[in-house]
Amino acid sequence: MKTERGNFSSKLGIVLATAGSAVGLGNVWRFPYMAGENGGAAFILIYIACIFVLGVPGMLSEFIVGRHAQANAARAYDKLSGGKPWKLVGYLGILTSTIILGFYSVVAGWCLQYLFASVAGQLGGDAHYVKNYFQEFSSSAVEPVLWGVGFIIVTQWVVARGVKAGIERASKFLMPILLILLLVLVVASCMLPGAVDGIHFLLKPDFSKLSGGVLIEALGQAFFSLSLGTACLCTYASYFTSQTNLLRSAGQIALLDTLIAILAGLMIFPAAASVGVSPDSGPSLIFITLPNVFQQAFAAVPAVGYVVSVLFYALLVFAALTSTISMHEIGTAFFIEELHLPRRYSAWIVTTCASVICVLSALSVGAFDLKLMGMAVMDFCDQLTANVMLPLGGMLTCLFVGWYVPRQTVSDEFTNHGALSNRFLAAYLFAVRFVCPVCIMLIFLHQLGVI
Ligand code: TRP
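Keep in mind it's a predicted model, so treat the numbers as computed, not measured. Residue numbers restart at each chain and count upward from 1, following the sequence in its written direction. Selection of residues for local features in this predicted model requires a pLDDT of at least 70, selection of side-chain atom pairs for listing and counting requires 80 or more, and totals for whole chains, interfaces and linings are taken over all residues. Based on all heavy atoms of the structure, the side-chain values leave hydrogens and waters out of the count.

Where helix 16 (residues 377-404) meets helix 18 (residues 425-447), the closest approach of the two axes is 9 Å, and the angle between their N-to-C directions is 150 degrees. It follows from the interaxial angle that helix 16 and helix 18 lie roughly antiparallel. Our pair here, helix 16 against helix 18, has a crossing hand that is left-handed. Along the contact surface, helix 16 presents Asn387, Val388, Pro391, Leu392, Met395, Cys398, Leu399, Val401, Gly402 and Trp403, while helix 18 presents Tyr428, Val432, Arg433, Phe434, Cys436, Pro437, Ile440, Met441 and Phe444. Orientation is described by axes fitted as lines to C-alpha atoms, over the contacting stretch for helices, and by angles from 0 to 180 degrees between their N-to-C directions. Counting from the N terminus, the helices are DSSP H or I runs at least four residues long and the strands are E runs at least two residues long. Any angle that is under 35 degrees is reported as roughly parallel, and any over 145 degrees as roughly antiparallel; angles of 65 to 115 degrees are reported as roughly perpendicular and all others as oblique. Here is the rule for handedness: rotate from the far helix to the near one, and if that takes an anticlockwise turn smaller than a right angle the crossing is left-handed, while a clockwise turn gives right-handed. The criterion used for residue contact is that any of the two residues' heavy atoms lie within 4.5 Å.

Now the structure itself:
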């Protein structure tokens with residue numbers, strides 16, 4: 001069994017590939033727009049608390065289940081549960097990640113289109129032009145659909161070639177470049193005239209701006225950004241080696257992920273303030289802000305602006321791809337092992353389901369008025385997964401590991417069978433038994449208006 005499954009070859013490869021799953025449009029697109037809609041700095045503080053208090057123990061739990069079971073999402077839970085229906089958590093994860101893959105690819109498709117438009121030099125113009133460009137493009141009935149489905153097919157192509165070959169190689173050098181480029185853009189954006197208002201918005205908490213749903217939005221965003229709650233990390237952990245330090249990896253990935261989200265915020269909000277884009281512009285925020293940065297910040301040397309913009313969209317597309325690969329891999333691994341299908345065929349099943357969601361989502365925010373429960377299909381999928389399914393999946397995983405999986409198994413995985421210190425084991429167990437389930441439950445109840 002073990003030898004048939006792909007294995008990541010190096011220590012760096014594991015952390016980078018899992019970090020590659022975590023770092024994506026969740027950080028650069030979703031985090032700024034969520035923070036913008038929910039009051040800025042105050043939201044960010046709650047978000048950071050959610051990442052470290054609930055997210056890190058949740059990640060560790062998925063790692064423990066995945067590495068111990070060495071199997072796809074559903075079978076991993078099943079193996080550890082002794083016939084009890086915990087595998088439903090795995091099924092929930094497979095469903096959630098396929099829905100996310102669908103609407104996420106719409107945004108990834110937008111990025112891909114922006115990459116081509118910036119290569120062709122079509123994004124030049126004033127703030128008004130940039131905004132119109134987005135509106136026109138996203139409301140077409142054909143283009144966003146083609147880019148989105150195209151993105152899923154590219155993902156499928158990588159996934160079908162297997163874990164090691166596809167994912168590991170490129171992450172190693174592209175992730176660090178993304179980080180450096182973000183730093184350059186933060187500096188460029190903060191130097192624009194009037195940028196200081198954006199910096200205040202991001203760093204000075206104004207708790208009076210917090211709205212009712214902010215807790216669940218922060219929790220959902222934290223889980224979304226860490227790729228937590230769909231057994232995605234569980235599937236990746238099944239490729240970890242027995243030497244991987246689970247606690248350290250979870251901590252490193254959470255830190256890196258948070259750092260990139262904050263940098264993305266520091267890149268977007270000062271620029272938005274400078275060109276008069278409102279922070280609560282919603283999902284279009286980065287698309288109607290960034291092209292202005294590339295032009296205005298590098299106005300003296302347009303060639304530099306051109307290169308930086310092409311490079312940035314290319315890296316964003318790559319970051320999105322390492323994330324879509326991880327969503328795709330969850331379902332693909334499941335169908336390979338459960339239906340005994342070749343990797344290629346099982347990848348096609350996931351691609352087909354996600355493409356249907358992608359088409360409906362893309363049309364719902366553009367050409368047609370497709371609604372579910374009063375929301376555009378895209379918003380519905382986004383809200384349902386991030387605010388309900390991910391926290392639910394994460395909570396159940398914590399309960400599973402905290403109360404159900406034998407203590408010895410947890411301790412063996414936590415310490416790599418005694419090779420690592422168990423200093424934080426008690427704190428971890430306390431977190432997954434009590435802190436995580438109770439906090440997530442309270443946030444749900446608050447959202448439902450019960451408390
Ligand atoms: N974390 C990724 C991002 O921030 C998105 C993602 C990848 C994801 N895999 C996931 C979200 C699984 C939820 C579940 O862009």
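A word on the state of the cysteines. Note on disulfides: each one is a pair of cysteine sulfur atoms within 2.5 Å. Applying the stated criterion across every chain yields a total of 0 disulfides. We note that Cys50 lacks a disulfide partner, and the nearest cysteine sulfur, in Cys439, lies 8.3 Å from it. Lacking any disulfide linkage, Cys381 is separated from the closest cysteine sulfur, that of Cys358, by 10 Å. Relative accessible area decides the class of each residue, using a 1.4 Å probe on protein chains only: under 20% of the type maximum gives buried, over 50% gives exposed, and in between gives partly exposed. We classify Cys381 as buried; its relative accessible area is 8%.

Axis separation between helix 4 (residues 73-81) and helix 5 (residues 87-119) bottoms out at 7 Å; the angle between their running directions is 165 degrees. Between helix 4 and helix 5, the crossing angle belongs to the class labelled roughly antiparallel. Of the two possible hands of crossing, helix 4 and helix 5 adopt the one that is right-handed. Along its contact with helix 4, which presents Ala73, Ala74, Tyr77 and Asp78, the element helix 5 presents Lys87, Val89, Gly90, Tyr91 and Ile94. Gly falls in the polar group here, along with every residue not listed as nonpolar (Ala, Val, Leu, Ile, Met, Phe, Trp, Tyr, Cys, Pro) or charged (Asp, Glu, Lys, Arg). A per-class count over the contact of helix 4 with helix 5 returns 6 nonpolar, 1 polar and 2 charged.

The backbone of His340 sits at a positive phi, close to 55 degrees, despite the residue not being glycine. Mapped onto the fold, His340 is located in the loop between helix 14 (302-339) and helix 15 (343-364). For His340, a relative accessible area of 66% puts it in the exposed group. For Asn416, which is not glycine, the phi dihedral falls at a positive 50 degrees. With respect to the helices, strands and loops of the structure, Asn416 is situated in the loop between helix 17 (407-414) and helix 18. Here Asn416 falls in the buried class, since its relative accessible area comes to 11%.

This next bit is on a nonpolar patch on the surface. Patch criteria: residues need more than 30% relative accessible area and no salt bridge. Like-charged residues are merged within 9 Å; nonpolar side chains of Val, Leu, Ile, Met, Phe, Trp and Tyr are merged within 5 Å. Only the protein chains shown count as cover for residues, with accessible areas throughout obtained via the Shrake-Rupley method and a probe of 1.4 Å. For this analysis, a salt bridge means a side-chain nitrogen from Lys or Arg found within 4 Å of a carboxyl oxygen belonging to Asp or Glu. A contiguous nonpolar patch, built from Trp403, Tyr404, Phe430, Phe434, Val438, Leu442, Leu448, Val450 and Ile451 and spanning about 940 Å² of accessible area, is present on the exposed surface. Looking at the nonpolar patch, the elements with two or more residues in it are helix 16 and helix 18. Residue placement: Val438 occurs in helix 18. Among the residues examined, Val438 registers a relative accessible area of 45% and is labelled partly exposed.

Summary of the distance rule: residues count as near a molecule or strand when at least one heavy atom falls within 4 Å of that molecule or strand. As a matter of local geometry, the ligand sits amid 16 residues, with Ala22, Gly26, Tyr104, Phe224 and Ser227 nearest to it. Any N or O atom pair separated by 3.5 Å or less is treated as a polar contact, with the protein-specific requirement of one donor-capable and one acceptor-capable atom, and with residues adjacent in sequence counted only for side-chain atom pairs. Gly26 places a main-chain nitrogen or oxygen 2.8 Å from an oxygen atom of the ligand. A distance of 3.1 Å separates a nitrogen atom of the ligand from a polar atom in the side chain of Ser326. Taking 360 Å² as the accessible area of the ligand by itself, protein coverage stands at 100%. Within the residue set of the shell around the ligand, elements represented by two or more residues are helix 1 (11-22), helix 2 (25-37), helix 5, helix 10 (214-226) and helix 14. In terms of residue class, the shell around the ligand is made up of 7 nonpolar, 9 polar and no charged.

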